[in-house]
Amino acid sequence: MDPQIIEKVVQEMADFTPEMGEIEGVALLKGICDVWDSVYNFQARDGDIVVATYPKSGTTWMQEILDLVVHDADVEKSLRAPAFIKVPFLDMGHTSLELANSMPSPRVLKTHMPIHLVPPSFWKKDVKFVYVARNPKDCMVSYYYFYKMDQTLADPGTWDNFFSMFMAGNVTWGNWFDHVLGWWKAKDKHKILYMFYEDMIEDPQREIQKVITFLGKDFSEDMVQKILQHTSFKSMKNNSMANFTVLPESVFDQSATTFMRKGTVGDWKNHFHDSQNIIFDEEYKKKMEGSDLVFRTEF
Ligand code: A3P
């Protein structure tokens, strides 16, 4: 892998500032709004595979799984570059788009966009999407720590402050409810495999097998075990290609909290006050009414 391209992508990340903007009612970093035209006009190809998520839902985990499935469980190959290089993050703009354009097919690409902001060329090509959703309470907690870690985002202040920001959809990539519901409604109209973080924690082998089948592959037990081991929380936490430690502290400051933080279901119970839980549950009931999309917040 050309080290210059890694430097360029890292520089692109470092250049983002905390200022916020908006595209079609979705809160996004102003830096993303500034490159919006090139993101929206990105040209998909037949055979592209896209991991789509609301932030902090298991994106990096799925990136590693997809990269291994595409490359027939070749663990050595998966160590060729950091996750953000192997799987270009389309939303970031120019360098990531250039990187995507330079890759041979089949490409694995990443987006955090709500479905209505996905570049339209994706709907005209034969593309497979893997959407990973995570229960909103754990997602919110994970996002809070991420906001503290990512130096290009605004300081989230206290947990109480971040709770209000998240509930108002005033965080990058907008409102969690709109995101998960939008992709859920579209899942039967396109090639979308809708996955849940909690299912992946509960039975990673079963969920990896779903991905293998979705991508039309048929692997031996040994290959599945290799993917399972390489994408465990422990392996990824110790893998510099997956844990973002290649990023300088000026981008991700992992001194107080690491990217591979806890990787569990139910950590929200250590953060939500009783009153916040009531407010959240009321909002959840309102927003999810009429939908058959169900989340598990504990086992
Ligand atoms: P926590 O902050 O709750 O630990 P994303 O990649 O979308 O930013 O999501 C990051 C979240 O996924 C973090 O959650 C991280 O620890 C968790 N994660 C990443 N890899 C994982 C794995 N292999 N197993 C379980 N959780 C994982």
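Structure shown above.
Residues numbered from 1 in each chain as written. Predicted model: local features only at pLDDT ≥ 70, side-chain atom pairs only at ≥ 80, totals over all residues. Heavy atoms only, no water.

Q: Help me out: how do you make sense of the sheet that holds strand S4 (residues 108-111) in this one?
A: Across the sheet, 4 strands lie side by side as S4-S3-S5-S6; this open sheet has parallel pairing. Strand pairing shows two members of the sheet lacking a second neighbour, S4 and strand S6 (192-196), which therefore form its edges. Across the sheet, the mean angle from the axis of one strand to that of its neighbour is 20°, orientation sign disregarded. By the bridge criterion, 5 bridges tie strand S3 (residues 49-53) to strand S5 (residues 128-133) in an arrangement that is parallel. Bridge pairing links Ile-49 to Lys-128 in S5. Contacts between helix H4 (residues 59-70) and the sheet are confined to S3, S4, S5 and S6, with S3 contributing the most and set at about 165° to the helix. (Pairing = 2+ DSSP bridges. Helix = DSSP H or I, 4+ residues; strand = E, 2+ residues; numbered from the N terminus. Axes fitted to C-alpha atoms, helices over the stretch in contact; angles between N-to-C directions. Contact = heavy atoms within 4.5 Å.)

Q: Sorry, what's going on with empty space enclosed by the protein here?
A: Vacant regions in the atomic arrangement are exposed by a probe of water-molecule size rolled over the atoms. Summed over all chains, the structure comprises 1 cavity of 30 Å³ or more. For the largest cavity, the calculated volume is near 50 Å³. Lining the largest cavity are Lys-56, Ser-142, Tyr-145, Phe-146, Met-149, Thr-257, Thr-258, Phe-259 and Arg-261. Here the residues of the lining of the largest cavity are counted per class, giving 4 nonpolar, 3 polar and 2 charged. (1 Å grid on protein atoms, 1.4 Å probe; cavity = no way out; pocket = protein on both sides within 12 Å on 5 of 7 lines; lining within 4 Å. Points joined across faces, edges and corners; volume = space filled by probe spheres on them. Nonpolar A, V, L, I, M, F, W, Y, C, P; charged D, E, K, R; others polar.)

Q: Is there a simple way to think about the site of the ligand in this case?
A: Surveying the vicinity of the ligand reveals 19 residues, the closest of which are Thr-59, Thr-60, Ser-142, Lys-262 and Gly-263. Between the ligand and Arg-134, the relevant distance is 2.9 Å, taken from an oxygen atom to a side-chain nitrogen or oxygen of the residue. Taking 570 Å² as the accessible area of the ligand by itself, protein coverage stands at 97%. Here the ligand is seated within the largest pocket. If you list the elements that add at least two residues to the shell around the ligand, you get H4, helix H11 (197-202) and helix H14 (233-237). The element that contributes the greatest number of residues to the shell around the ligand is H4, accounting for 3 residues. Of the residues in the shell around the ligand, the class split is 7 nonpolar, 8 polar and 4 charged. (Near = heavy atom within 4 Å. Polar contact = N/O pair within 3.5 Å; in protein donor to acceptor, adjacent residues only side chain to side chain. Areas by Shrake-Rupley, 256 points an atom, 1.4 Å probe, with all protein chains shown as cover. Sits in = over half its atoms within 2 Å of the grid points.)

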